[in-house]
Amino acid sequence: MDFLISIMSKNTSIVELFCIEKLEKMIKLRMEDRKLGDGQLEYIEKVRNIIRDFSLKTGISIKYFARTYGCQQNENDTEKLSGLLEAMGFEPTNDINFADLIIFNTCAVREHAERKILGNLGALMKNKRENPALKIVLCGCMFQQPHMAEKIKSYRQVDMILGTHVMGSFPEKIYKLYTEKGKIIDLENIDTLPLENIPTKRENSIKAWVTIMSGCNNFCSYCVVPYVRGREHSRYPDDVISEVKDLVDKGYKDITLLGQNVNSYCKDLDIGYDFSDLLSDLNKIDGKFRIRFMTSHPKDATRKLFDTIANCEKVCKHVHLPVQSGSDRILKLMNRRYTSEQYLALVEYAEKKIDGVTFTSDIIVGFPTETEEDFEKTLSLVEKVGFNGLYTFLYSPRENTPAAIMDGQVPSDIKSERFNRLLELQNQKSIESNLRYIGKIVEVLTEGYTDEEKTTMTGRTDENIIVKFPAEAGVLNEFVKVKIERAANWAIFGRVVK
Ligand code: SAH
Ligand code: SF4
């Protein structure tokens, strides 16, 4: 009900749009479908009992090792799987060789990750021989692709394969893993709602990921995500706001909101609320902390978004805005639904509105039919924008995506050659961008030391730039002011000032 009250007070005109049935349906949807079911809580208890009995008998605990492949959303999912495992009584280990349960949360975005996962599984045959009680669980995007699921079924060392909807029935699956014989496979139903009350084991004490939506509706022609993660489903704003409030209360200072396309947040809920509204509401939370977000699709980035960033002091003045290519012909083939001109207009607007804004981006090199001329358009766009950093990818054909069967696949030597040219240009742009900080004072959230002797401290600016400085004047996990004296393409260097 708090949620409804908050909507009503936010914008009364919206209330008129709601009929009673719609309100009732929303409450029902929220209560029943958006939390871990009571049945699952029972399974958590059942597994706890199994583990406690085992530990009482043997005097040893059951240890789990979890590894993530892929994006930040996968990292956040692994934090939730780990939280659930610890609620069930498992103890964590950082050493895969000591684990009794190994869980790999997988990625399917590029072939490279898949090869790595299969290689790691091969090496685990030895662990399985040495510890016959060892259980190996695979979950996530990779097996949601039918050809990979088929392939992995023949891997004898794997005990359980779960799809991307894993969270909702994870305790039950773990119970089955320890009470039933045979391989467990559950790859049904990718289109699930994000769940609310999952215990989360945060990997960092000041930085936290907050997934605000799941799935993707965009179907970029090279990308497997919509096929393995289903359609977009947003969490309700008050659920996100209370999670962030709770994190801030616990001392988190750098919060990143996650979604495949955060700019379409709440479109599926049709409640007259959007991502900019969420940023404004989060900005009102008391406390000193930073709000970041990713990923922002250029086709849905509005002027309202950039105006909001400009007006919210807690929202970082840095936007990750993946452009993918500078050629309009390639952007069309990619189904990105914007042109390079529209992209540049967004950047120009943001630069006008947001003092000191920086951009990073993703670029795919060697998309099918990409010519030298197309690639030069990408170089030219990179030159014009002056990104502070770039994530560059060699195009990797993904089964069942339209691009994989396009004529004109680019030979790998040409892809690599273009990739290296792009890297070279970006290194030059990063250094140019970082040189602008020399002589300026930047605010840094400190996060660790770069050496064992703890002489140099490292942290990040609002724009996510790495800053290094002598440690004696710094305090770990705090905001400090650093005057910049030197710059490289990967970091800037300076001294703490009072
Ligand atoms: N939702 C985000 C991106 C998610 S995937 C967005 O739209 O921006 C992260 C990045 O991986 C993409 O931006 C793209 O640059 C890259 N990528 C996705 N599929 C790829 C493929 N088949 N080959 C190479 N890179 C790919
Ligand atoms: Fe993939 Fe495009 Fe969706 Fe990003 S927006 S996840 S690239 S389909």
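Refer to the structure presented above.
Residues numbered from 1 in each chain as written. Chains lettered and ligands numbered in written order. Predicted model: local features only at pLDDT ≥ 70, side-chain atom pairs only at ≥ 80, totals over all residues. Heavy atoms only, no water.

1. A few points about the overall build of the chain
Secondary structure assignment for the chain yields 16 helices and 19 strands. The C-alpha radius of gyration of the chain comes to 24 Å, within 12% of the 23 Å expected for a compact globule of 498 residues. Judged by the C-alpha coordinates and their principal axes, the chain covers about 65 × 60 × 55 Å. Taking contacts inside the chain between residues at least 6 apart in sequence as the whole, the part at least 24 apart equals 74%. Averaged over its 70 positive side-chain charges, the chain has a centre that lies 2 Å from the centre of its 73 negative ones. (Helix = DSSP H or I, 4+ residues; strand = E, 2+ residues; numbered from the N terminus. Rg over C-alpha atoms; globule rule 2.2 N^0.38 Å. Contact = heavy atoms within 4.5 Å. Lys, Arg positive; Asp, Glu negative; His and termini not counted. Charge placed at Lys NZ, Arg CZ, Asp CG, Glu CD.)

2. Side note on the site of ligand 2
Lining the immediate environment of ligand 2, one finds C216, N218, F219, C220, Y222, C223, V225, P226, Q260, H297 and R336. The residue inventory of the shell around ligand 2, partitioned by class, reads seven nonpolar, three polar and one charged. (Near = heavy atom within 4 Å. Nonpolar A, V, L, I, M, F, W, Y, C, P; charged D, E, K, R; others polar.)

3. A few points about the sheet that holds strand β14 (residues 389-394)
The three strands are arranged β12-β13-β14 in an open sheet whose pairing can be described as parallel. The open sheet has two edge strands with one neighbour each: β12 (318-320) and β14. Neighbour to neighbour, the strand axes of the sheet diverge by 10° on average, direction disregarded. Running at roughly 175° to β14, helix α16 (residues 412-435) makes contact with β13 (358-365) and β14 of the sheet. (Pairing = 2+ DSSP bridges. Axes fitted to C-alpha atoms, helices over the stretch in contact; angles between N-to-C directions.)

4. Here we look at the packing of aromatic side chains
Applying the stated rule across the entire model yields ten aromatic pairs. Among the aromatic residues, those joined into a ring-pair cluster are Y222, F367 and Y395. Positioned above the aromatic ring of Y178 is the side chain of K135, whose terminal nitrogen or guanidinium carbon lies 5.6 Å from the ring centre. Here R486 stacks its cationic end above the ring of F493, 4.1 Å away from the centre of that ring. (Phe/Tyr/Trp six-rings, centres within 6.5 Å; stacked < 30°, edge-to-face > 60°. Lys NZ or Arg CZ within 6 Å of the ring centre and 35° of its normal.)

5. Topic: helix α5 (residues 72-87)
Over its 16 residues, α5 extends 23 Å from the first C-alpha to the last, a length consistent with the 22 Å expected when each residue adds 1.5 Å. Along α5, the positions that sit buried rather than exposed are Q73, N74, N76, D77, T78, E79, K80, L81, S82, G83, L84 and L85. The first or second residue beyond α5 is G89, which carries a positive phi of 105°. (Expected span 1.5 Å × (residues − 1). Buried < 20%, exposed > 50% of the residue type's maximum accessible area, 1.4 Å probe, protein only.)

6. With respect to the sheet that holds strand β5 (residues 160-162)
Pairing is parallel across the open sheet formed by six strands, whose spatial order is β2-β1-β3-β4-β5-β6. Each edge of the sheet is formed by a strand with only one pairing partner; in this case those strands are β2 (91-92) and β6 (184-186). With respect to the sheet, helix α6 (residues 111-130) is in contact with β1 (63-68), β3 (101-106) and β4 (135-140), its orientation differing from that of β3 by roughly 175°. Relative to β5, helix α8 (residues 170-179) is tilted by about 165°, and along the sheet it contacts β3, β4, β5 and β6.

7. Some thoughts on the packing of helix α11 (residues 275-283) against helix α12 (residues 303-311)
Two quantities define a packed helix pair, namely the angle between the axes and the distance from one axis to the other. At a closest axis distance of 9 Å, the pairing of α11 and α12 adopts a crossing angle of 10°. Here α11 lies roughly parallel to α12, going by the angle between them. Each of F275, S276, D277, L279, S280 and N283 in α11 lies in contact with α12, whose residues at this interface are K304, L305, T308, I309 and N311. (Parallel < 35°, antiparallel > 145°, perpendicular 65-115°, else oblique.)

8. Quick notes on unusual backbone geometry
Most peptide bonds adopt trans geometry, and most residues besides glycine take a negative phi value. For the peptide bond that leads from M294 to T295, omega is 5°, which places it in the cis range. Of note, T295 is situated in the loop between β11 (290-294) and α12. The phi dihedral of N400 falls on the positive side, at around 70°, and the residue is not glycine. The topology assignment puts N400 in the loop between β14 and α16. Unlike most non-glycine residues, K454 shows phi in positive territory, near 60°. Here K454 is to be found in the loop between β15 (441-449) and β16 (456-461).

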